[in-house]
Amino acid sequence: MENLASKSACKIVTREGELVAEVKQKQSTSGIVLGEDVMTLVVEPNVDHSLIMSLVVHPQGFFSTSSASTSSSSSSSPSPYITSQREVFTIWMKSLVMNSNGCTVYDSNGHIVYRIDNYDKKCSNKVYLMDLKGQVLSTILRKKLRLFGRWEGYNGNYSKVDQEKPWFQVRKPFRVLKANDSYYDVTVSTSPPNSSDQLNGSYKIEISDIGKFACRILDQAGVVVAEVKQKQSSSGVVLGDDVLTLVVEPNVDHSLIMGLMVVHGLINRKL
C-alpha cells in the first residue's frame, strides 16, 4: 500500500506493481475538490471489494505484527492473551482470503489479532483459529454424536496422532425446548495448558436471539465474562450484521473466548 500526499489517499498494488485500487479525495463533476472526509475508492475489475475495504479501513493491521492486547500483557501473565483491563475487539465476518468464508478480528487499535479462513467451506468439521501471520492458535473439531454434536478445542495445530486432551469442550445441553424459547445455552469445560486456576471450570454461551451472532459468555457463577453484539459507530449508528463488537472482561483469556465464538458461529452456521 502506497501512501499519497493526502492523509487518507493511497494506492494498493500487487507484488508485481500492478495497481488494483486507489483512494483519493473526491471531486465534483465540475472539478471542485470536496472536503477531506469525502473520498473516492476505485477498484479494478476482478478484485475482491471486501478485501480492499479491509485494507483501507485497517491498513496497519496488515503491516504490524504486534497487538495492543499482547503488548499490554504483563510478563508474569500465564498467557499473552490475558490482560488486566477490559478489551474491545471488532469482528468482521469476512475472511482475508478472497472469496472465502471466515472472519477477521481487530483489536481497539485496528491491528488484526485473530483470523479464520474456511475457504470454500462453511460449517466445516475442522476449523483453525489463527493470528495475523497464519500461526494456528487452536484447532476446533466437531464430534458427531447420535443426538447432539460436540465441539472440542485443542491448543495449537492438532492432529490425531497427538493424543492430547482437548482444551475445551462445547455441548448442547439435553433438554426439551419449548416453542417460545428464545435462547439456548452451551456448557464449556476448560482445561487449557499453562493457564491459571481461574480459567478452569464451566462456562455458558447464552443466546438471546437464535440465528443471530450476538451472545454472552458467563462463568460458573453466572458472571458475564464476554459479550458479542452488533457494532455501533461513535454516533450511535448500528452497522451491518457482519460487523460485531466483542467485549472481554479483565483477566479472561481472549484466545479461549475466540475459540468459543468460533464454535458459536459454527452452531449458527455463520462460519
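Residues numbered from 1 in each chain as written. Predicted model: local features only at pLDDT ≥ 70, side-chain atom pairs only at ≥ 80, totals over all residues. Heavy atoms only, no water.

The name given to the protein in an unreviewed UniProt entry is Initiation factor 2B-related, and the organism recorded there is Macleaya cordata.

Examining the overall build of the protein
Put simply, the rule is: Secondary structure elements are taken from DSSP: a helix is a run of H or I of four residues or more, a strand is a run of E of two residues or more, and numbering for both begins at the N terminus. Exposed residues in this analysis have more than 50% of their type's maximum accessible area, buried residues have under 20%, and partly exposed residues fall in between, with area computed by a 1.4 Å probe over protein chains only. By definition, residues are in contact when any of their heavy atoms lie within 4.5 Å. Where accessible areas are quoted, they stem from the Shrake-Rupley method and a 1.4 Å probe; at the residue level, only the protein chains shown are allowed to cover.
Along the protein, the regular secondary structure elements total three helices and 16 strands. The buried share of the protein, taken over its 271 residues, is 42%. Sequence-distant contacts in the protein: of pairs separated by 6 or more residues, those separated by 24 or more amount to 38%. Carbon and sulfur atoms provide 48% of the accessible area of the protein, an area that totals close to 15200 Å².

With respect to a positive patch on the surface
For clarity, the threshold we go by: Only residues whose relative accessible area exceeds 30% and that form no salt bridge are eligible for patches; like-charged ones are grouped when within 9 Å, while nonpolar side chains (Val, Leu, Ile, Met, Phe, Trp, Tyr) are grouped when within 5 Å. What makes a salt bridge here is a side-chain nitrogen of Lys or Arg within 4 Å of a carboxyl oxygen of Asp or Glu, nothing more. Only four residue types enter the charge count: Lys and Arg as positive, Asp and Glu as negative, with His and the chain ends excluded. One atom stands in for each charge, and that atom is NZ of Lys, CZ of Arg, CG of Asp or CD of Glu.
A surface patch of positive charge is lined by Lys 122, Arg 142, Lys 144, Lys 172, Lys 212, Arg 269 and Lys 270. Summarising the element assignment, Lys 172 is placed in the loop between strand E11 (168-171) and strand E12 (187-190).

A closer look at unusual backbone geometry
Located in the positive-phi region is Asn 46, a residue other than glycine, with phi close to 60°. Residue placement: Asn 46 occurs in the loop between strand E4 (39-43) and helix H1 (49-57). One non-glycine residue with positive phi stands out, namely Asn 251, at about 60°. Relative to the helices and strands, Asn 251 resides in the loop between strand E16 (243-248) and helix H3 (254-267).

Topic: the pattern of salt bridges
This structure, assessed with the given rule, holds four salt bridges. As a salt-bridge pair, Arg 86 and Glu 249 come within 3.0 Å of each other at their nearest N and O atoms. Of this pair, Arg 86 sits in the loop between helix H2 (68-71) and strand E5 (87-92) while Glu 249 sits in the loop between E16 and H3, placing them 163 residues apart in sequence. On the accessibility criterion, Arg 86 (52% relative accessible area) is exposed. Residue classification places Glu 249 among the partly exposed residues on the basis of a relative accessible area of 21%. Note that Arg 150 and Glu 152 form a salt bridge whose closest N and O atoms lie 2.8 Å from each other. By relative accessible area, Arg 150 is classed as buried at 15%.

Details of the pairing of strand E7 (residues 112-119)
What counts is decided by this rule: Two strands form a pair only when DSSP identifies at least two bridges running between them.
In terms of burial, E7 is largely enclosed, as seven of its eight residues are buried. Relative to E7, strand E6 (residues 101-106) is paired through six bridges, and the arrangement is antiparallel. Counterpart to Thr 104 in the pairing with E7 is Arg 115. Hairpin connection from E6 to E7: five residues lie between these consecutive antiparallel strands, with Gly 110 at a positive phi of about 85°.

Describing the packing of aromatic side chains
Our working definition: Pairs were defined over the aromatic rings of Phe, Tyr and Trp, the Trp ring being its six-membered one, requiring ring centres within 6.5 Å. Orientation was assigned from the angle between planes: stacked under 30 degrees, edge-to-face over 60, tilted for the rest.
Applying the stated rule across the entire model yields four aromatic pairs. Here Tyr 154 and Tyr 158 contribute two aromatic rings whose centre-to-centre distance is 3.8 Å and whose plane-to-plane angle is 15°, an arrangement assigned as stacked. The exposure class of Tyr 154 is buried, given its relative accessible area of 4%. Chaining the aromatic ring pairs together yields one cluster made of Tyr 81, Phe 89 and Tyr 114.

Comments concerning H3
Rule in force here: An expected span of 1.5 Å times one less than the residue number is assigned to each helix.
In this model, H3 (14 residues) spans 20 Å end to end at C-alpha, consistent with the 20 Å of a helix rising 1.5 Å per residue. Across the 14 residues that make up H3, a large majority, 14, are buried. Directly after H3, the chain includes Arg 269, whose backbone phi takes a positive value near 60°.

Structural notes on the nonpolar core
Operational definition: Nine residue types can take part in a nonpolar core, namely buried Ala, Val, Leu, Ile, Met, Phe, Trp, Tyr and Cys, and a core is a set of them joined through side-chain atoms within 4.5 Å.
If you look at the biggest cluster of nonpolar residues, it comprises 40 residues, and the most contacted ones within it are Tyr 114, Phe 168, Ile 217, Leu 246, Ile 257, Met 261 and Val 262. Considering every element that reaches this core, the biggest residue donor is H3, with nine residues. Leave out the neighbours within four places in its chain, and Tyr 114 touches Tyr 81, Thr 104, Val 105, Leu 129, Met 130, Leu 137, His 254, Ser 255 and Met 258. Ranked by size, the runner-up nonpolar core spans six residues in total, among them Leu 96, Tyr 106, Ile 112 and Val 243.

Some thoughts on the environment of Pro 80
On the secondary structure map, Pro 80 appears in the loop between H2 and E5. Classification of Pro 80 as partly exposed rests on a relative accessible area of 42%. Taking C-alpha positions, Pro 80 is 9.3 Å from Ser 255, a pair spaced 175 residues apart along the chain.

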